[in-house]
Number of protein chains: 2
Amino acid sequence: MHVGILLFEEFETLDVFGPVEIFGRLKTHYLVCFYSEAGGLVHNSHGVDVLSRPLGEIMGGVDIFLIPGGYGTRKEVNNEVLIEMIRTISEHSQYVLTVCTGSALLARTGLLDGKKATTNKRAFDWVVSQSDKVFWDRPARWTVDGKYYTSAGVSAGMDMTLGFLADRHGVDFARKSAWEIEYDWREEKEGDMLPEN
Amino acid sequence: MHVGILLFEEFETLDVFGPVEIFGRLKTHYLVCFYSEAGGLVHNSHGVDVLSRPLGEIMGGVDIFLIPGGYGTRKEVNNEVLIEMIRTISEHSQYVLTVCTGSALLARTGLLDGKKATTNKRAFDWVVSQSDKVFWDRPARWTVDGKYYTSAGVSAGMDMTLGFLADRHGVDFARKSAWEIEYDWREEKEGDMLPEN
């Protein structure tokens, strides 16, 4: 399956590379590729510059479309060209996964209307303000509603990705993937931490 | 502090980007930069292409030099030019951190001779074969010996990085860093899983 990872300036490093580590190791099942609005190098303030292909190449959808979070989402929710591309690709993709504030971008497309979703609890109020038609699930660490998987902050994206593998390949397969990277997978969807501030 | 991250072809994605997420968020304390033997884009089989600067720029050392693991280490242990660069940079750096099979590269420099170190247990015998002068600590999840921090596989590198923060800034600081990325930090150095095969 083709895993298309969305990048934009100021994406959150681990929102992207946690799931990439998990999918990337499973070479017989998944092929990871990075995309951005214009293609080329995409930068974030952790000093990372990653090469990407233009989103225009996958307007017909991918098998799995992953939308990370990060400070860049604050700007990109108002980027109508990008939101329209995300809408088209998501509509034509078999699965759409969001990590952290990536759900704000997906919410802006309208595709989460009437669906259950979650996000980083420290950015919860801002994300919720992007759409009042989504059933925002505050206590969830990650949610599944049809083809849409959404998760809380950073590491929760790895937990969701392992949950996605469990749904597709069985829980033992997912546990083995976690074991191989010595990762303590929190398997339960519920029970996210509440914000301290 | 300047955090120099070593890249080489077929580095392990999360060995690099786990610590980068942790250091990268602490912008008032740490500045992350990527380096490779020749500079330029460095690729791995998870589909990642990251831009790097040439290692020649930091032959005088950095504050923190991080050496990741990955399949690429199998080739690079025999790359005498790279091993010599790693030796010089490590000698002149304040701290040297290795993740997973990154300790094989550091062991080849001789700088770990007489020192305690560890690595990924699934690659343990191969890493140990790189030097019989290192005190390889099999049960350890990560070790500290003077300025050298070495860790077991992938996620253990994040645990070690948080342990490094705890040593420098106190355990509450490190716990807050883990909390911010919703990461379950395993704080204990000992008790690594043993290999199943």
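Above this text is the structure in question.
None of these values were measured; they are calculated from a predicted model.

Asks: So what exactly am I meant to see when it comes to the interface of chain A and chain B here?
Replies: How big an interface is tends to be stated in terms of accessible area lost as the parts join. Between chain A and chain B, the residue contacts involve 40 residues of the former and 40 residues of the latter. Carbon and sulfur atoms make up 55% of the area that chain A and chain B hide from each other, which totals about 3,500 Å². When the buried area of chain A at its contact with chain B is split by residue, A:His46, A:Trp179 and A:Glu182 rank highest and sum to 22% of it. Counting every contact that joins chain A to chain B gives four salt bridges. Close ionic contact of A:Arg25 with B:Glu12 constitutes a salt bridge, the shortest N to O distance being 2.7 Å. Taken together, the connections running from chain A to chain B amount to 20 residue pairs in polar contact (both at pLDDT 80 or more). Among the elements of the structure, helix H1 (13–25), strand S2 (31–36), strand S4 (49–54), helix H6 (155–169) and helix H7 (171–180) of chain A are those that each provide at least two residues to the side of chain A that touches chain B. If you tally residues by element for the side of chain A that touches chain B, the top one is H1(A), at eight residues.

Asks: What is the right way to read the packing of aromatic side chains from this model?
Replies: The way to describe two aromatic rings as a pair is by their centre distance and the angle between their planes. One pass over the full model with this rule turns up 14 aromatic pairs over all chains. Between A:Phe17 and B:Phe17, the aromatic rings sit 3.7 Å apart at their centres with planes inclined by 10 degrees, giving stacked as the arrangement. Remark: B:Phe17 occurs in helix H1 (residues 13–25) and A:Phe17 occurs in helix H1; the pair is interchain, linking two chains. Each member of the pair, A:Phe17 as well as B:Phe17, is classed as buried.

Asks: What should I look at first to understand the environment of A:Leu106 in this one?
Replies: Residue and element names in this part refer to chain A. Looking at the element boundaries, Leu106 is found in helix H4 (residues 102–108). Residue class for Leu106 comes out buried when judged on its relative accessible area of 0%. Linking Leu106 and Trp136, residues 30 residues apart in sequence, is a C-alpha distance of 13 Å. Those residues in contact with Leu106 that lie beyond four places of it in its chain are Ile67, Ile86, Ser90, Val96, Thr98, Leu111, Leu112 and Tyr148.

Asks: Just to check I follow, could you spell out the relation of the copies chain A and chain B for this structure?
Replies: In summary, the two copies of the chain are related to each other by a rotation about an axis coupled with a shift along it. When chain A is fitted to chain B, the best match, at an RMSD of 0.0 Å, comes from turning it 180 degrees and sliding it 0.0 Å along the axis. What we have between these two chains is a two-fold relation. Across chain A, the smallest distance between a C-alpha and the rotation axis is recorded for A:Val50, namely 2.3 Å. The fraction of interface residues of chain A whose copies in chain B are also interface residues reaches 100%, indicating that both copies meet through the same surface.

Asks: Would you mind showing me how to read the side chain of A:Thr118 here?
Replies: Residues and elements named next belong to chain A. Mapped onto the secondary structure, Thr118 falls in the loop between strand S7 (116–117) and helix H5 (124–128). Separated by 3.5 Å, the side chain of Thr118 and the backbone oxygen of Ala140 make a polar contact. Setting aside chain neighbours within four positions, we find Thr118 in contact with Ser103, Phe124, Trp136, Asp137, Arg138, Ala140, Arg141, Trp142, Thr143, Thr150, Ser151 and Ala152.

Asks: Please clarify how the packing of H1(A) against H1(B) should be interpreted in this entry.
Replies: Helix-helix packing: each pair is described by the crossing angle between the helix axes and the interaxial distance. Relative orientation of the contacting elements H1(A) and H1(B) amounts to 160 degrees, with a least axis distance of 9 Å. With respect to their mutual orientation, H1(A) and H1(B) come out roughly antiparallel. Between H1(A) and H1(B) the crossing geometry is left-handed. When H1(A) is examined against H1(B), the residues A:Thr13, A:Leu14, A:Phe17, A:Gly18, A:Val20 and A:Glu21 are found in contact with a partner set consisting of B:Thr13, B:Leu14, B:Phe17, B:Gly18, B:Val20 and B:Glu21.

Reading guide: rules and limits
Residues numbered from 1 in each chain as written. Chains lettered and ligands numbered in written order. Predicted model: local features only at pLDDT ≥ 70, side-chain atom pairs only at ≥ 80, totals over all residues. Heavy atoms only, no water. Contact = heavy atoms within 4.5 Å. Buried area = accessible area lost by both parts, 1.4 Å probe. Salt bridge = Lys/Arg side-chain N within 4 Å of Asp/Glu carboxyl O. Polar contact = N/O pair within 3.5 Å; in protein donor to acceptor, adjacent residues only side chain to side chain. Helix = DSSP H or I, 4+ residues; strand = E, 2+ residues; numbered from the N terminus. Phe/Tyr/Trp six-rings, centres within 6.5 Å; stacked < 30°, edge-to-face > 60°. Buried < 20%, exposed > 50% of the residue type's maximum accessible area, 1.4 Å probe, protein only. Least-squares fit on C-alpha atoms with pLDDT ≥ 70 in both. Axes fitted to C-alpha atoms, helices over the stretch in contact; angles between N-to-C directions. Parallel < 35°, antiparallel > 145°, perpendicular 65-115°, else oblique. Left-handed = near helix turned anticlockwise from the far one by under 90°.

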